[in-house]
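Topology and contacts: notes
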2 protein chains.
Amino acid sequence: MVNETQHTCSASSSSRSDGGSSSGSESSKDNSRCSTPVLDTDRHERLREKMRRRQDAGDKWFSLEFFPPRTANAAVNLISRFDRMGAGGPLFIDVTWHPAGDPGSDKETSSMIIANTAVNYCGLETILHMTCCNQTKDDITGHLQKAKRLGLKNIMALRGDPAGEEWEEEVDGFNHAVDLVKHIRNEFDDYFDICVAGYPKGHPEAESYEADLRHLKEKVFAGADFIITQLFFRPETFLKFMKDCQAIGITCPIIPGIFPIQGYHSLRQLVKLSKLEVPQEIKDVIEPIKDNDAAIRNYGVELAVSMCRELLDSGMVHGLHFYTLNREVATTEVLKRLGIWKEDPRRPLPWAVSAHPKRRVEDVRPIFWASRPKSYIYRTQEWDDFPNGRWGNSSSPAFGELKDYYLFYLKSKSPREELLKMWGEELTGEESVFEVFTCYITGEPNRNGYKVTCMPWNDDPLATETNLLKDQLEKVNRRGILTINSQPNINGKPSTDPIVGWGPSGGYVFQKAYLEFFTSSEIVTALLKVLKKYELRVNYHIVNVKGQNITNAPDLQPNAVTWGIFPGREIIQPTVVDPVSFLSWKDEAFALWIEQWAKLYEEESPSRMIIQYIHDNYYLVNLVDNDFPLENCLWQVVEDTFELLN
Amino acid sequence: MVNETQHTCSASSSSRSDGGSSSGSESSKDNSRCSTPVLDTDRHERLREKMRRRQDAGDKWFSLEFFPPRTANAAVNLISRFDRMGAGGPLFIDVTWHPAGDPGSDKETSSMIIANTAVNYCGLETILHMTCCNQTKDDITGHLQKAKRLGLKNIMALRGDPAGEEWEEEVDGFNHAVDLVKHIRNEFDDYFDICVAGYPKGHPEAESYEADLRHLKEKVFAGADFIITQLFFRPETFLKFMKDCQAIGITCPIIPGIFPIQGYHSLRQLVKLSKLEVPQEIKDVIEPIKDNDAAIRNYGVELAVSMCRELLDSGMVHGLHFYTLNREVATTEVLKRLGIWKEDPRRPLPWAVSAHPKRRVEDVRPIFWASRPKSYIYRTQEWDDFPNGRWGNSSSPAFGELKDYYLFYLKSKSPREELLKMWGEELTGEESVFEVFTCYITGEPNRNGYKVTCMPWNDDPLATETNLLKDQLEKVNRRGILTINSQPNINGKPSTDPIVGWGPSGGYVFQKAYLEFFTSSEIVTALLKVLKKYELRVNYHIVNVKGQNITNAPDLQPNAVTWGIFPGREIIQPTVVDPVSFLSWKDEAFALWIEQWAKLYEEESPSRMIIQYIHDNYYLVNLVDNDFPLENCLWQVVEDTFELLN
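In this report, we go over the structure that sits alongside the text. Computed from a prediction, not measured in an experiment: that's the story for all the values here.

One pass over the structure, following the stated rule, counts 55 salt bridges over all chains. Of the charged contacts in the structure, one is a salt bridge between Arg234(A) and Glu281(A), with a shortest N-O distance of 2.9 Å. Of this pair, Arg234(A) sits in the loop between strand 7 (226–231) and helix 8 (235–247) while Glu281(A) sits in helix 10 (residues 280–286); the two residues are 47 residues apart in sequence, bridging distant segments of the chain. Among the salt bridges present, the one from Arg84(B) reaches Glu328(B), with a minimum N-O distance of 2.9 Å. Here Arg84(B), found in helix 4 (residues 72–86), pairs with Glu328(B), found in the loop between strand 9 (319–323) and helix 13 (329–338); they are 244 residues apart in sequence, far enough to count as distant. By relative accessible area, which is 41% here, Arg84(B) ends up partly exposed. The network of salt bridges with common partners includes Arg46(A), Arg48(A), Arg185(A), Asp190(A), Asp193(A) and Asp225(A).

Below is the structure:
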């Protein structure tokens, strides 16, 4: 990731401007000396630059196409799929435009909101499709403005299918994709990267293949940056198309659209829609096995792999675009067999980055949302700029408010019945709650034989890193120190460490030990006595739902708890314990007891009252051991506390 | 330094404003999230707050008065004295106003410029005296505006001695110090802390002691923040005065002015000026020994110590103000015997901080000026704000230019003859230059028997830290790697380490190894080959006087080479190797060859031509070993280079 090339620049004055035009300078805000140290070049490039850089470096890449889901539940699942398939390293994903599904609206299932989620919450480079026929200029401009506001930077400009049989071109209207391309360039200048569709067999409505090529050239010359093609069945179809494009002067990237056949019916439907003809040799294989889904999928994978290999081997193709039909298995399989599915365990930063352009410089966050990054992104989405280099004093007026925290896909992925099985159909006291926490930590089944795979504060099973602390966590949870967040201390591990590493290679990462938990006021009273012995070494914040807050943080300053030292860079300190935002987190953390747990039970039921009691009376505590080179003392603090109580 | 008090604050919204009013918030710039982590509370308080905090904490303190020197040479010496006496920890120093010496001018010896130097270049809290009689309102306002512009925050408001015998009060003029106090408050509101003079025996011109107390009360009620008294000879004189002040409602701090008798003549002169009478018991001691300076000084020290003890023991006195007469020995002796001279080896940051209010947040600088901090401060004095938290990309337009580097007290402290003895009356080749560098490093006398105690790039002998590298530095200098700056790698030493520590206690400090040197183009050619082997591990910048620049710095980003981790704080990274400012440093570093060395010799002389040759042909190189936890590889790099050459 580090630019190792040796470059020569001339005397002082010109080197100043040299610096100004290098990619590093893009990251520096004009009005501030704090600029991001560009740990991750990817984060600072537009899609067309990424494409060019990959091509120059000889890296092969892939991208994934999805359509918007029909229901909110399906949306929650699709977003999980984005996270899983995003792990394979797609250069981008794209989301189709469903004119019938109110695509530009704020609905959880709209094209706009799904693309927004992919960019902002899943950190994926995303192209939003947009069609233009049967729409007014104002509608389209409105959609584009909204897309820009949400942080979308790429548009696939399409004509779309005319509604009704008797469609006629409108004078000065949007009759073709080229009109949309021109409109985007007119109204938004160079802001968006624009993609257009190519038809390897010619558009079904075009007068001829040649006429269609000329239309494509028009789209490119009107400002499109690259082309994605319609699906095709034979590699030579694409290669011929590409040569024909080049012959008439189309020089931008052309990305083949790959459709792994996944089933008999979906193939038939797609073929019908796209007015393509399935070659006889494929029909010959499929017809006999048309009722055997697994066999067809295997065949589809084989076929796609061999076609992709041929395309890549031609030397003309650098990236492959997959029509996933929102499915995971076949595409992932093809990508893995091609060797271009690249699960990179390295993380640019120790938390999930967002791809919103405003957040390009963001490189520090409070630790509290470690298990709820989407909530943090949501709550800070209206911030005009993001802290980088240093968190600073968040009580400064420049700091955005951490706004309300609700969002549909922050709902638990599991239905009520499952949650009840995990967290208890009936609670008999605070101890039953301790048990749930303990089972979540250990991974052991609870007394009814169910594993606790999520908690209101953690939608996923324990992080690998937390596993390092498992034994101690188990011990303290059993005794009513209900942990919801923790990290071990790290004194200079390589940045490539598979568990705690992040950032470019050649660096060293560090952490201060951190522990965050709910606990009773009796324990807090004892804890505070014990903490006096650890003054200076341990910083603490202790708060209850009413906001009573006890801390020894100097001047309410943030405490850096994760940092990294890299070759040729300034220090990166991506995670802090910030006293001010802790109080916003407190509201969210306490509310989750009620919203996610208590409400599973009937009002006035004993189970519900137990959770309500905890909500009303427990404290939320966080502890930082500042002495990161020594053995973590937080377990001793807890041990001392229990001893004092006995 | 860390605020350990446990404080309770209420719910989120109010804690936000709590934070806003805490001392921490003062440091955060309204328009940026980067705020200084307040490593050093002192840096963020005004003088009256410091006084109050010391008094509340029961700390005794002292302050020192100086008068402006008559010649530029005397100014250079006085500034060295500021540095030495500043090391004892005065709460402030003050500089008297010499109406006859053009006190508000830009002369090197003016009161204004001496006070400016103390604040900006010596980092001392400073009070500038100002007198008002025989001056116009516009003159006075002009002086105050200039003082403010220069970063002075404290004024001692005095009437001054009227010029000529026949002085008469002017209607609406400045007839008394109180008029000046009112004027400052009218025109500058609360910007300045104001000090006024108190006369324990009453002002010689006052109608009576009581009338003089009433005048003093007027000055305080007009806006003065504290009082410094005229000298006196008996502790009871001061204690009575203080009680009388309190009795009439003066509640601000009153600081006794202490005058250690240092000689017969200076005492007589001062007594004449101040119209005071020396008590008989003192005269009785002094008269018999009036020709024995040492005996008088010893007596003066005894007398001062016993008087100060009595004052401090009274419980009414928290600070002592010393009239030094620009001398060092007697005052230092008194302070040491009182136990309030506190040489604190701890440094808030690893470089000399400035006390200019604009620089309060400054906590990162390029490493290049490590031995020339006054030059760096001078070159950046016009910057509107200072980097903190991160250096960032200094090619950003927000960055101030590093302006020209000349300043009178950046001249070498040694006269030409001494420099010639150290650096050679006659050079016979580049090797004679290697020898000078080597002698500076080893501390051994040169071939003519003179020690080399300074170099054009280092006005002082080697830093203790550099001593750690002495053997290796000697070896490479002998062979033409002419080192001017270096630091060892440090992997987490306690912040209280006497050699490399800085910042509050309880922290850990780190460094990357750094080496900066001039060398010939032959060596550079070999070095570049060797460096290929060390890619990623070693960052380098190599530049000649014409600005030809070779580097492997990623995107011209700065490399943090000193950082510290402290309890409850964000990371501090006070020193960086910045590629852009290196080119400004290069101009200064090359110019020093000519300005300080070549010009010692006659034009066209062989010695001068040797230095000129080096200036024209050598390269300035800096190397950073990024792998701070491993053994410093830079010596190996140099070793490999020599091997390649052989």
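Residue and element names in this part refer to chain A. For helix 20 (residues 606–617), built from 12 residues, the straight-helix expectation of 16 Å at 1.5 Å per residue is met to within 8% by its first-to-last C-alpha distance of 16 Å. Listed as buried for helix 20 are Ser-607, Arg-608, Ile-610, Ile-611, Ile-614 and His-615. Viewed end-on, helix 20 has its buried residues packed into an arc of 160 degrees, placing them on one side of the element. At its buried positions, helix 20 is contacted by helix 15 (430–442) and helix 19 (579–597).

Let us now look at the packing of aromatic side chains. The description of two aromatic rings rests on the distance between their centres and on the angle between their planes. Summed over the entire model, instances satisfying the criterion amount to 55 aromatic pairs over all chains. Note on Phe188(A) and Phe192(A): the rings are 5.5 Å apart at their centroids and 65 degrees apart in plane angle, and the pair reads as edge-to-face. With respect to class, Phe188(A) is no different from Phe192(A); both count as buried. The interplanar angle of 75 degrees and the centroid separation of 5.5 Å between the aromatic rings of Phe510(A) and Phe510(B) together place this pair among those described as edge-to-face. Residue Phe510(A) is found in strand 13 (residues 508–511), and its partner Phe510(B) is found in strand 13 (residues 508–511); the two belong to separate chains.

Looking now at the packing of helix 4 of chain B against helix 5 (residues 111–120) of chain B. All names here are of chain B. It is at 11 Å that the axes of helix 4 and helix 5 come closest, and there the two elements cross at 35 degrees. Crossing of helix 4 against helix 5: the hand is right-handed. Only Ile-114, Thr-117 and Ala-118 of helix 5 make contact with helix 4, whose side of the interface consists of Ala-75, Leu-78, Ile-79 and Phe-82. Classifying every residue of the contact of helix 4 with helix 5 gives six nonpolar, one polar and no charged.

Quick look at the sheet that holds strand 5 (residues 154–158) of chain B now. Residue and element names in this part refer to chain B. Read around the closed barrel, the eight strands follow the order 2-3-4-5-6-7-8-9; overall the barrel is parallel. Across the sheet, the mean angle separating the axes of adjacent strands is 30 degrees when strand polarity is ignored. As paired elements, strand 5 and strand 6 (residues 193–198) share four bridges and run parallel to each other. When the bridges of strand 6 are listed, Asn-154 appears paired with Asp-193.

This brings us to the pairing of strand 9 (residues 319–323) of chain A. Along any regular strand, the residues point their side chains to alternate faces of the sheet. Residues and elements named next belong to chain A. Taking burial as the measure, the five residues of strand 9 include five buried ones, the bulk of the element. Across the two faces of strand 9 the burial is the same, with Gly-319, His-321 and Tyr-323 and Leu-320 and Phe-322 all buried. Both strand 2 (residues 61–66) and strand 9 contribute to a ladder of five bridges, which runs parallel. Considered in strand 9, the bridge of Ser-63 is made with His-321. The pairing of strand 8 (residues 254–258) with strand 9 spans two bridges and is classified as parallel. Residue Gly-257 lies in a different strand from strand 9, and its bridge partner there is His-321.

Bringing the nonpolar core into the picture now. Ranked by size, the top nonpolar core spans 169 residues in total, and within it Trp593(A), Trp597(A), Trp593(B) and Trp597(B) carry the most contacts. Those residues in contact with Trp593(B) that lie beyond four places of it in its chain are Val433(B), Phe437(B), Trp457(B), Leu482(B), Phe518(B), Ala598(B), Ile611(B), Ile614(B) and His615(B). Counting residues in hydrophobic clusters, the runner-up holds 71 residues, among them Leu124(A), Leu128(A), Ile254(A) and Ile258(A).

Taken together, five strands build an open sheet; the order of strands is 10-18-17-13-12 (chain A) and the sheet is mixed. Where the open sheet ends on each side, the last strands, each with one partner, are strand 10 (365–366) and strand 12 (490–494) of chain A.

All names here are of chain B. One can find Glu-65 in strand 2 (residues 61–66). With no salt bridge to any partner, buried Glu-65 finds its closest opposite charge in Lys-219, at an N-O distance of 13 Å. Not counting chain neighbours up to four residues away, the residues in contact with Glu-65 comprise Asp-94, Thr-96, His-129, His-321, Phe-322, Tyr-323, Thr-324 and Leu-325.

What counts, and where the lines are drawn
Residues numbered from 1 in each chain as written. Chains lettered and ligands numbered in written order. Predicted model: local features only at pLDDT ≥ 70, side-chain atom pairs only at ≥ 80, totals over all residues. Heavy atoms only, no water. Salt bridge = Lys/Arg side-chain N within 4 Å of Asp/Glu carboxyl O. Helix = DSSP H or I, 4+ residues; strand = E, 2+ residues; numbered from the N terminus. Buried < 20%, exposed > 50% of the residue type's maximum accessible area, 1.4 Å probe, protein only. Expected span 1.5 Å × (residues − 1). Arc of directions from axis to C-beta. Contact = heavy atoms within 4.5 Å. Phe/Tyr/Trp six-rings, centres within 6.5 Å; stacked < 30°, edge-to-face > 60°. Axes fitted to C-alpha atoms, helices over the stretch in contact; angles between N-to-C directions. Left-handed = near helix turned anticlockwise from the far one by under 90°. Nonpolar A, V, L, I, M, F, W, Y, C, P; charged D, E, K, R; others polar. Pairing = 2+ DSSP bridges. Core = buried A, V, L, I, M, F, W, Y, C linked by side-chain atoms within 4.5 Å. Lys, Arg positive; Asp, Glu negative; His and termini not counted.

Geometric values such as these leave the question of function open.
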